[in-house]
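# Secondary and tertiary structure notes
Below are the chains, spelled out letter by letter.
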Amino acid sequence: MRSPRGLIAISGYLAGRHAPAASESTTGHHSLFFARAFQILAQPEPVRLQKLAAPDSGILELRLERPEVKNAINWDVMRRLRSAIEKIQADATAKVVLVASSVPGAFCAGADLKERRLMSSSEVGEYAGSLRSTFSSFEALPIPTIAVIEGAALGGGLELALSCDLRIWENAELGLPETGLAIIPGAGGTQRLPRIVGVSRAKELIFTGRRCDAAEAVRMGLANYCVPAGEAYQKALDIAREITQKGPLGIRMAKKAINQGMEVSDMPSALAVEGECYDQLLHTQDRLEALAAFAEKRKPVYTGK
């Protein structure tokens, strides 16, 4: 697509002395064309990944920016999410990811139902499978992920939040309403929700499609914090800053030990996972630097007395 400067140049040429005389209707047509072109150029990317600057180096921000449909996820958004995940995986300096929305009152409305209505049954199944795989890839990122939920998180939007390690909520609605459409949550909701809140509570929320607020989400363990309006991002950023002050390899191994340990069926196997992760850290540069820093703090201060 041409740049705005290029469009301006073309517009000037069409309207200038070198252009053939145009009728009033032709001029109106050109004006409408350029107005639409500028409108397209002005639209934000639906998924934006950026690094925060010092002193917050190591913190990445993944933002959803599709205001016209409250960040509903279509094929294009899904492809962009996958691309963002690949970039995060390839970034050796990344320590924490914040997942947020730039749309007031909405975290993510789930699947784009307008697009889905045009799909065949097999295409819907392919879409659900791809979204399930995308969220699994996000969950598998080796660094902590924090969902900053400042608006409604419904269906696939809640499933995106469930794939994050931590969830900071303002007073916004959440729910998995899929059974009302005669389907089930298909992007991990039936598996991640019971692992977080327990089987019985998850069944209630999925069977009824009931929506709940942030305060209830905290009580059931679905949210880490419920904060007043306008404070979710700052709370998430404060937590991210705490994490970045810790040994980065230690954080990665802690996430690996917890996630993999939760997937095995017995405690001895889970403890074996922990042992393997612990052993991998014993001779790392991160640990040597942390020990040196700790020793420096413990060193007695000479007062001259």
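Below you will find a few notes about this structure. Just so you know, these numbers come straight off a predicted model, no measurement behind them. (Residues numbered from 1 in each chain as written. Predicted model: local features only at pLDDT ≥ 70, side-chain atom pairs only at ≥ 80, totals over all residues. Heavy atoms only, no water.)

### Focus: the overall build of the protein
To keep things clear, this is the line we draw: Only DSSP runs of H or I with at least four residues qualify as helices, and only runs of E with at least two residues qualify as strands; both kinds are numbered from the N terminus onward. For each residue, the accessible area found with a 1.4 Å probe, counting protein chains only, is set against the maximum for its type, and the residue is called buried under 20%, exposed over 50%, and partly exposed in between. Two residues form a contact once any of their heavy atoms are found within 4.5 Å. Only the protein chains shown count as cover for residues, and all accessible areas are computed by the Shrake-Rupley method using a 1.4 Å probe.
Counting its secondary structure elements, the protein contains 13 helices and nine strands. A total of 305 residues make up the protein; the buried ones form 38% of that total. Counting contacts in the protein only where the partners sit at least 6 residues apart, residues at least 24 apart contribute 68% of the total. Carbon and sulfur atoms make up 56% of the accessible area of the protein, which amounts to about 17600 Å² in all.

### Topic: empty space enclosed by the protein
For clarity, the threshold we go by: Method remark: on a 1 Å grid restricted to protein atoms, a set of points is classed as a cavity if a 1.4 Å probe fits but cannot get out and as a pocket if it is open with protein on both sides within 12 Å along at least five of seven lines; lining residues have an atom within 4 Å of a point. Grid points are joined across faces, edges and corners, and a volume is the space filled by probe spheres set on the points. Think of it as three bins: nonpolar holds Ala, Val, Leu, Ile, Met, Phe, Trp, Tyr, Cys and Pro, charged holds Asp, Glu, Lys and Arg, and polar takes everything else, Gly as well.
All chains considered together, the criterion is met by one cavity of 30 Å³ or more. What the largest cavity holds in volume is close to 40 Å³. Around the largest cavity sit L62, L81, I85, T134, F135, F138 and L160, which together line it. Broken down by element, the residue count for the lining of the largest cavity peaks at three residues, all from helix α5 (residues 121-139). Of the residues belonging to the lining of the largest cavity, the class tally is six nonpolar, one polar and no charged.

### So, the packing of helix α7 (residues 189-197) against helix α8 (residues 199-208)
The description of two packed helices rests on the angle between their axes and on the distance between the axes. Formally: Axis geometry follows a simple rule: fit a line to the C-alpha atoms, using only the stretch in contact for helices, then measure angles between N-to-C directions, giving values from 0 to 180 degrees. By definition in this entry, angles of less than 35 degrees are roughly parallel, angles greater than 145 are roughly antiparallel, angles of 65 to 115 are roughly perpendicular, and the rest are oblique. Working rule for handedness: look at the near helix, and if it is turned counterclockwise from the far one by less than a right angle, call the crossing left-handed; if clockwise, right-handed.
Interaxial distance between α7 and α8 falls to 7 Å at its minimum, and their mutual angle equals 135°. Regarding the angle of α7 to α8, the classification is oblique. The hand of the α7/α8 crossing is right-handed. Across from G189, T190, L193, P194 and V197 in α7, the residues of α8 making contact are V199, R201, A202, L205 and I206.

### Focus on the side chain of D91
Locating D91 in the fold gives a position in the loop between α3 (75-90) and β3 (96-101). The exposure class of D91 is buried, given its relative accessible area of 12%. If we ignore the near neighbours within four places in the chain, the residues touching D91 are K51, L60 and R252.

### Observations concerning the packing of aromatic side chains
Quick reminder of the rule: Side-chain rings of Phe, Tyr and Trp, where Trp is taken by its six-membered ring, are said to pair if the distance between their centres is within 6.5 Å; with planes under 30 degrees apart they count as stacked, over 60 as edge-to-face, and otherwise as tilted. For a ring to carry a charge above it, either NZ of a lysine or CZ of an arginine must fall within 6 Å of the ring centroid while also lying within 35 degrees of the normal to the ring plane.
Within the structure shown, the criterion is met by one aromatic pair. Above the face of the Y225 ring, K235 is positioned so that its terminal group lies 4.2 Å from the ring centre.

### Considering the pairing of strand β6 (residues 151-154)
Test applied: Any two strands are treated as partners once DSSP identifies two or more bridges connecting them.
Here strand β4 (residues 105-108) pairs with β6 via three bridges, running parallel. Along β6, the bridge assignment pairs C108 with A153.

### Comments concerning the pattern of salt bridges
Using the following cut-off: Salt bridge, as applied in this entry: a Lys or Arg side-chain nitrogen positioned within 4 Å of an Asp or Glu carboxyl oxygen.
Applying the stated criterion across every chain, the model contains 16 salt bridges. Two residues, D112 and R66, come together in a salt bridge whose shortest N-O distance is 2.9 Å. Separated by 46 residues along the polypeptide, D112 in the loop between β4 and α4 (113-116) and R66 in the loop between β2 (59-64) and α3 bring together distant segments of the chain. According to the relative accessible area criterion, D112 is buried, its value standing at 8%. R211 is the partner of E173 in a salt bridge, and the nearest nitrogen-oxygen pair spans 3.1 Å. Within this pair, whereas E173 is found in the loop between β7 (166-169) and β8 (174-175), its partner R211 is found in the loop between α8 and α9 (214-219), the two being separated by 38 residues in sequence. Judged by relative accessible area, which is 41%, E173 ranks as partly exposed. Through salt bridges with shared partners, a single ionic network connects R201, E204, R210 and E216.

### Some words on the sheet that holds β3
Reading across the sheet, the six strands line up as β1-β2-β3-β5-β7-β9 and stay open at both edges, with mixed pairing between neighbours. Strands with a single pairing partner mark the edges of an open sheet, and in this sheet they are β1 (47-51) and β9 (225-226). Each of β1, β2 and β3 touches α3; the most contacted strand, β1, lies at about 15° to it.

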